[in-house]
Amino acid sequence: MASVQDNNSISAELSSKLWYEAKQNLSNEEQEYIRDFYGDEGDNHGIVNDVLRTAKEKQKEAEDKNWTFKRSDGRVVVVREIFSKIVDSIAKFQGAVDFLVSMDASGHSALPWAGVKFLLSVAVKDSQKWGSVIAGMEFVTREISYYGIFEVIYLRRKFSATKELSDALVQAYTKCVERFLGTAFSLDENLSGIVSAIKSERDDIERLRGIIDGQHQKANQDKLVGLLNDLAAPMEIMAMQLTDVKDELGEMHSEMKAKTKADELPKIYAHLQPGKVTNYETKVGNLTPGTATWILRNGTFTEWLEGKTPVLFVCGGPGTGKSHLSTKVIDYLRKTPLEASRRQNRVGYYYFKDGDRNTRSVLTALCAIVYQIAAEDEIYRMHATQICDRSPNFAMATCGTVWNDFLAAEYGATSDNQLFLVFDGIDEAEREDFAEFLKLLSRSALQSIRIQILLVGRPEMNSIIRERFVKSPFDTIEVSSKVNIDDVRKFSQARYDEFIKVPKTLKGLRHKVTETLTEKADGMFLWVDLIYKEELQDILSPMKLKEVLGKLPEGGLTNLYDRIFLRVERDNGPAKHLALQELFSWAAYFKEPLSLFYLNEILHLSIENQYSDAEVILETCASLFILVKTGEVLLEESNRSETETQGADHAHKDAGHNEGRDNAEPELEENYDHENYDDDENYDDENEMAEMAEADEQHRNRQRDIFVHLRHASLGDYLRRADLKPTAILLGAKQGEVHVVVTVLQIVCKGADAPQELWLYLMANFLGQLGSLDCSIVSEADTKLIIGYLHEIFTSEALGRHIAKFHKTAEGYPLLGDGRGNFSFGLNTGQQNDNYLIIRQWLRKAQDTGLIKLDSEISNWARQTLDDSLKLLVPLVKTCISEWLVCKADGFELYWRFRFVWQCILSTDLVPPVPQRDTIVLMNDISDFDLINDTADFLGDNAFTFIAGLSKQQQTMEMHFVIAKTISYIYPGSGVAIAEYQKAIKMAQEQGSDDALKEFYLQQIVAYVDVELISANEHALEAIENYLKLDDSNAKVLACLGVVRIKNYDNKGAIENFQKSLELNKRDHEVGIALLRTLFRMKDYEGMMSQIEHYGVLLVGSWLRNSDNLVEHKEIMHAARTVNKVDIVIKCYEHEIQNIQLSDEDLKKVKDADPVKTAQKTLLYRTRRVAISSMFRVYLGWLYLEILGQPDEAFELWKTAFFQHSEFFNMGNLTSSQFATEFIPDFFALFSQLIYEKALDPDPEVAGRMIFHLEHLHRREKVFQELDKYPIGTGLGNANLLLARLYLKHGRKDEARKMLNDQFQSAIDILGDEIGWNDKFGYGALAALLFLNGQLEKAEVASSLKRFFEDGFDVEPKKRKDDALEHVQEKLDIDDAERKGGKGEGQQPPPDKQDDSVSTVSDNDDDDTWLKTVCAGGYTCENESRRIPYGATAYTCTTCANVNFCETCYDSLRKETGQRKLFVCSPSHDFIKTPPESLEKIKDQKITMNGKSISFVDWLAEVRKEWKTGLCFKS
């Protein structure tokens, strides 16, 4: 320790002089200003105490007298609030003073603190006169605190730069004394200038700090470690104070730790996999007004809130409103600051739900809470991202690792952030998981960390919690009728008004009913709810209603449920009893809620009644279940609800007008009735059978999207209780659970004979269901059944062949797990996988009971599996390998079959031990794992040929062909794939099989060439030439040759090949579109139109119908406009709008031997066809608006499409996700702009109607977003901004401001979420908002950031030009190298072909970073490139979404001149010019303007601060 003390003396000798040296640097006049400052260098602790006492006195005085002052900009400042911050800063510094004094390093502080005390005493005497001084004092106190700690850390280090650093500090202190403590009395109101002057010295200090940090880093580190060992607690206080000061100043965080933005939230999400969490806000809306507030006044709750008790348990019986209380507490904590501590607090919460296995895991709950906090707290998000690098991911994590790494470590005793955790429904969590979590908490020093925990659940959890918290502070609040009776009364009154049908004028009866129910409820809201729904709501007679009050069931929920089930049994005949048994068993015991579709399939299999419908049966006990709608059913309901709202609003706002009403559809319906029902005998039996099958499929589709939940957890308790006796509709205690498991296994073993959707669902879930069943309660007979089914699943060759098939659903591939669930058994180097343990548990049960001896085959299998678990999957794997190698499907199916084999084989001893480090990569993320090269480490070969070799089958050309196709799907053109193709081809040649050769060559070609993307690799030409030697009449091969010719710069030859291909197959849309696009890139627009005329409207329309690329539509429109032949394109679109009947080709595709599959395919094709026809109406409106400049025609088309025939909303699910993520949102924006333009009409009636239409469209967009699985920039649609503009124009300021604030917050959230790719949406929205708000300079910066935040910007013309040219040249060099591809010079395109023939087709132009800003919608730009070069001037429209102009096009728009009039925008719109003249550089997360730099983070903070000072918020 001697050396440390010596260093202290040295540093103290330096530091004690610094402030007084600063004082000596002042002039005589300046020293005169501070003559009244008093401070004893030897009493540093005392002066800080004096300052704190003075500040608190002045704070109270300011509060009592309500002092305020007005700034020069007119803003009124409350003095009390400034003093509050000053007190906080001083108090934080005081926490480190003892340590500073012990180091003899605080002498420096006496002078500045004396100055602060003196100014505080003087300034408050006239708050108006000294207002700016008081405001600046907040900054000064933080500066003094910061440098006090800074000196301790850096002046204690004896390095060459220490003296230089102390000199720099003297200069900073001089500025502080000179510019503020001194010149404050000159009444200089330029506070920001003073602050800037003081801050300006920090750059040099930071430079020296960096030098010291870099000198002998290891030595410094050792010394600091020693210091921490001796002074851990004070150093932690010091570190936290330093962090707090840096955070508040915003300088150290942004300048010392500046780094490139990373996708932090996605990284945290991928690491922790939090899943979908119930949002408390949805539950807040269900609270009865005025209820659940009593807990906030409870003394025990207050003590917990103040941190006196770290753990609080709120317990109550079923239905007593516990979840309502937790929701109220969450809402209160999130919205109410803690005045006692004035510290920032965060709230994490989780609702456990017994009926859904996905919401019962404590580990998932903790992961979800971490993600919640990270989504809201930028600093925590940064820390959590770093923790992800060292903490186990979800597959390997435990509650302990998540708690210790992400929560306890971040909210330690010195943390300035308070964390509140609310766990609701803890009795519904996995019991063992929760017991482990409590054990973890009991071992944690909860009193020493800043985490408060609220547990909410049933009383039976009390003993478990108390057992764990014997030595820890822990308290309980019991929810009973004593505390919640007023809430129950309010709830009963609300339910009376909702359900009772007797006259509302009978107030005495209402009082009698509500009071009776309140008294009998014993604090149970659920009891009241069920009584209204089951006993009272159907009573119409007031006298009978009064009479029934005396006959209500007593004894709580159990007796009430008994009564309800007796009624259900009585009201349903024997035919429905068995169905009800099944429904109640599956609802109570299956691990997650089932859809109506699955329940119906189960009913049909279990009770062999094909006519029972679960939905109809459930109506007889509707009060016991909740039907949750999802997907398209939810969309339809939202659409219907929104349309009804729109209709009601329209009737109210626009009486006498027919706008918005859909009169066409009723008329069509009446015509249909008239034409089709005159003669019941006149029908086509075959067509009607098809219609009936399709109607059935529609019904099934609807039921697929509706899930059945038990209404309340107490009902699940009732059905699962140990003393439940069997009845006609209930199986009894535990029998239901065993029945469900046995039925699941029975259906799985049916394989191909079971309904396939249900089979696949249960196959993916049977292990989890089996694991939830306590094998000790299962009878010997049922155990034998279960073991027999397991044996069949893992060893049956027939069932194995079915399992080996390609199984896919709309959600993905259910049998492919994530290393833990579904049908995954982990790696062969770790056999603690949950699924392995489940199987072993049941085999041991059978072995222990002697049942294993009953069947020798099963007995041997079970014994072998128990001896060596790696043998479990071997029979199934071998069957799957054989099935893969003989499969004749395409590469896509072969790949997914292989992937299932790969997953299973890694769990066996058929492969060498797999490195544990590769668990996730190997099991789940094959796309990022090289199965050819990376597997060599442990297989000694690539995965494909290794696994094929395990089959021990004779190598045939078909086997090599399968291997080659599988590899080519993910590695087209790889050496291994080519080798396998060559082996197959050689065998086919030896056998003289031309048919096989043609097939092999064709599959090679298909793997190497993509006609739709117009791409090909270097091996394609050889395969094509080999094929054409055998057959020169294959349309697909000729088309592929056309693509290869494009890549070889022979567009004319390509066109010839495309035409030859179309002569053989005119309906191939990929070839037709490729032909047109090639002509477009050659700028042969006349040729394009000639081809369209040649092939005709019907055929070209079918090509466009199959296109999901908007560029293809836009190119045809632009070409037609250029040569004045738009009419033929309009005819194509008009035809496709009406073309909703399935074509002959479609009917052939849907035909199947199974009528159910035929109906499924027919419905899918018909639904898709109608949606695409609806989309063509949108396309046609686009053509009229942007190509022809006819907005009225576009308006009518879009009004019909968006308000009446909105089937295209579902295009993202039916065709390509791009429709949901990009295309349809863009058309919402275009239609919003069109309506907005019409709303500017001076006629108030027209304007009002258009505002109504825009409001309608805004609601429709929300409906559409509910179906969007891939939201990008959600909440930033321009309808919000345009509506707000119109509201402001028409005096609806409150509505406008709310919309603007919501839009502003959404933009800020996107920019603060640390996800890089979506920042362009945030900056774009921010630019338009700031412009509307009159903050032009900030708007220009936001718009510039949208363009340059990724690639940067530099104002120097030469540097900008050189950078751009260098980037271009690099790209040209790369392209040139790719074109040469190793060919000789003689094979290069000749110079005379370098203009039109050499043009190649590519959709990737928009990815060029040097030209990435598209000008004027692309093809209307008069520049050749159609892009705005890097750094060039651009004009961004503040009305239109994503519309930018180069200078030439902007001039053309304004003057309406140029080659053609621009219809993508209006010359009357306002524009933002970028980059602005004051902008010099955007680089390294900083913006430099007029010589001053500011970080992105700080600039955004300024924007937030100044937002509400803009024009839109002026009164």
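Residues numbered from 1 in each chain as written. Predicted model: local features only at pLDDT ≥ 70, side-chain atom pairs only at ≥ 80, totals over all residues. Heavy atoms only, no water.

## Observations regarding the overall build of the protein
- When helices and strands are tallied, the protein shows 69 helices and 21 strands.
- The buried share of the protein, reckoned over its 1515 residues, is 53%.
- Pairs at least 24 residues apart make up 74% of the contacts formed inside the protein by residues separated by at least 6 positions.
- Split by element, the accessible area of the protein, about 68300 Å² in all, is 48% carbon and sulfur. (Helix = DSSP H or I, 4+ residues; strand = E, 2+ residues; numbered from the N terminus. Buried < 20%, exposed > 50% of the residue type's maximum accessible area, 1.4 Å probe, protein only. Contact = heavy atoms within 4.5 Å. Areas by Shrake-Rupley, 256 points an atom, 1.4 Å probe, with all protein chains shown as cover.)

## A few points about empty space enclosed by the protein
- Across all of its chains, the model carries 13 cavities of 30 Å³ or more by this definition.
- Reported here for the second largest cavity is a volume of approximately 100 Å³.
- I803, A804, K805, F806, H807, Y813, P814, L815, L816, W896, R897 and F900 are the residues that line the second largest cavity.
- Sorting elements by how many residues they give to the lining of the second largest cavity places helix α42 (residues 891–905) first, with three residues. (1 Å grid on protein atoms, 1.4 Å probe; cavity = no way out; pocket = protein on both sides within 12 Å on 5 of 7 lines; lining within 4 Å. Points joined across faces, edges and corners; volume = space filled by probe spheres on them.)

## With respect to the pairing of strand β6 (residues 451–457)
- Counting buried positions over the seven residues of β6 gives seven, a clear majority of the element.
- Of the two faces of β6, the one holding I451, I453, L455 and G457 and the one holding Q452, L454 and V456 are both buried throughout.

## Some words on the sheet that holds strand β19 (residues 1479–1483)
- The strand order across the open sheet built from four strands is β13-β19-β20-β21, with neighbouring strands paired in antiparallel fashion. With one partner strand each, in any of the chains shown, β13 (1353–1354) and β21 (1492–1495) form the two edges of the open sheet.
- Where helix α69 (residues 1496–1506) meets the sheet, its contacts fall on β19, β20 (1486–1489) and β21, and the angle it forms with β21 comes to roughly 85°. (Pairing = 2+ DSSP bridges. Axes fitted to C-alpha atoms, helices over the stretch in contact; angles between N-to-C directions.)

## Thoughts on helix α59 (residues 1191–1203)
- The end-to-end C-alpha distance of α59, which contains 13 residues, comes to 17 Å, matching closely the 18 Å that a straight helix rising 1.5 Å per residue would cover.
- Taken residue by residue, α59 has A1194, F1195, L1197, W1198, K1199, A1201, F1202 and F1203 as its buried positions. (Expected span 1.5 Å × (residues − 1).)

## Regarding the sheet that holds strand β16 (residues 1434–1437)
- On the basis of which strands lie adjacent, the open sheet formed by three strands has the order β17-β16-β18 and antiparallel pairing. Strand pairing shows two members of the sheet lacking a second neighbour, β17 (1444–1445) and β18 (1471–1474), which therefore form its edges.
- In this structure, β16 lies alongside β18, joined through four bridges in antiparallel fashion. Within β18, the residue paired with A1434 across the bridge is T1474.
- Lying over the sheet, helix α66 (residues 1336–1348) contacts β16 and β18, oriented at roughly 60° with respect to β18.

## Side note on helix α46 (residues 957–970)
- When the terminal C-alpha atoms of α46 are compared, their 21 Å separation across 14 residues agrees well with the 20 Å that a helix rising 1.5 Å per residue should span.
- With eleven of 14 residues buried, α46 is to be regarded as a mostly interior element.
- All buried positions along α46 are accounted for by M957, M959, H960, F961, V962, I963, A964, K965, T966, I967 and S968.

## Re the packing of aromatic side chains
- One pass over the full model with this rule turns up 63 aromatic pairs.
- Taken together, a centroid distance of 6.2 Å and an interplanar angle of 75° make the contact between Y1133 and Y1179 edge-to-face. Of this pair, Y1133 sits in helix α56 (residues 1126–1138) while Y1179 sits in helix α58 (residues 1155–1187), and the two are 46 residues apart along the sequence.
- Its guanidinium or amino end placed over the ring of Y1165, R1168 lies 5.0 Å from that ring's centre, counting from NZ or CZ. (Phe/Tyr/Trp six-rings, centres within 6.5 Å; stacked < 30°, edge-to-face > 60°. Lys NZ or Arg CZ within 6 Å of the ring centre and 35° of its normal.)

## With respect to the pairing of β19
- In this structure, β13 lies alongside β19, joined through two bridges in antiparallel fashion. Of the residues in β19, the one forming a bridge with F1353 is I1482.
- In this sheet, β20 lies alongside β19 in antiparallel orientation, the contact comprising four bridges. By the bridge assignment for β20, K1481 is matched with T1488.
- Taken together, β19 and the strand that follows it, β20, pair antiparallel across an intervening segment of two residues, in which D1484 is found at a positive phi of about 55°.

## Description of the nonpolar core
- Core analysis: the biggest nonpolar cluster contains 146 residues, and Y1179, W1198, F1202, F1227, L1326 and W1499 have the highest contact counts within it.
- Looking at this core element by element, the count peaks at twelve residues for α58.
- Discounting chain neighbours no more than four positions away, the residues touching F1202 are F1208, F1209, F1227, F1228, F1231, L1257 and R1260.
- In this structure, M524, F565, A846 and V962 belong to the second largest nonpolar core, which totals 145 residues. (Core = buried A, V, L, I, M, F, W, Y, C linked by side-chain atoms within 4.5 Å.)

## Regarding the side chain of R1169
- One can find R1169 in helix α58.
- Accessibility expressed as a relative area gives 11% for R1169, which makes it buried.
- Of the polar contacts made by the side chain of R1169, one reaches the backbone oxygen of Q1141; its length is 2.7 Å.
- Not counting residues up to four positions away in its chain, the partners in contact with R1169 are R1105, N1139, I1140, Q1141, L1142, S1143 and D1146. (Polar contact = N/O pair within 3.5 Å; in protein donor to acceptor, adjacent residues only side chain to side chain.)

## Comments concerning the pattern of salt bridges
- Tallied over the entire structure, the rule returns 51 salt bridges.
- The partner of R346 in a salt bridge is D377, and the shortest N-O contact between them spans 3.3 Å. Taken as a pair, R346 in strand β4 (residues 345–351) and D377 in the loop between α17 (362–376) and α18 (378–388) lie far apart in primary sequence, 31 residues in all.
- The residue R1292 makes a salt bridge to E1255 at a minimum N-O spacing of 3.1 Å. Highlighted residues: R1292 in the loop between α63 (1278–1289) and α64 (1293–1312) and E1255 in helix α62 (residues 1244–1266), separated in sequence by 37 residues.
- By relative accessible area, which is 25% here, R1292 ends up partly exposed.
- A single network of salt bridges, built from pairs that share partners, joins D427, R458, E460 and D717. (Salt bridge = Lys/Arg side-chain N within 4 Å of Asp/Glu carboxyl O.)

## Quick word on the environment of I1172
- Among the structural elements, I1172 can be located in helix α58.
- On a C-alpha basis, the gap between I1172 and F1208 in space is 6.3 Å, while along the polypeptide they are 36 residues apart.
- When sequence neighbours within four positions are dropped, the list of residues in contact with I1172 reads R1105 and M1211.

## Observations regarding the packing of helix α54 (residues 1097–1105) against α56
- Axis separation between α54 and α56 bottoms out at 9 Å; the angle between their running directions is 70°. Relative to α56, the element α54 lies roughly perpendicular. For the element pair α54 and α56, the recorded crossing hand is right-handed. Residues V1097, L1098, V1100, G1101, S1102, L1104 and R1105 of α54 touch α56, and the partners they reach there are I1128, K1131, C1132, Y1133, H1135 and E1136.
- Each residue belonging to the contact of α54 with α56 can be placed in one class, and the counts come to seven nonpolar, three polar and three charged. (Parallel < 35°, antiparallel > 145°, perpendicular 65-115°, else oblique. Left-handed = near helix turned anticlockwise from the far one by under 90°. Nonpolar A, V, L, I, M, F, W, Y, C, P; charged D, E, K, R; others polar.)

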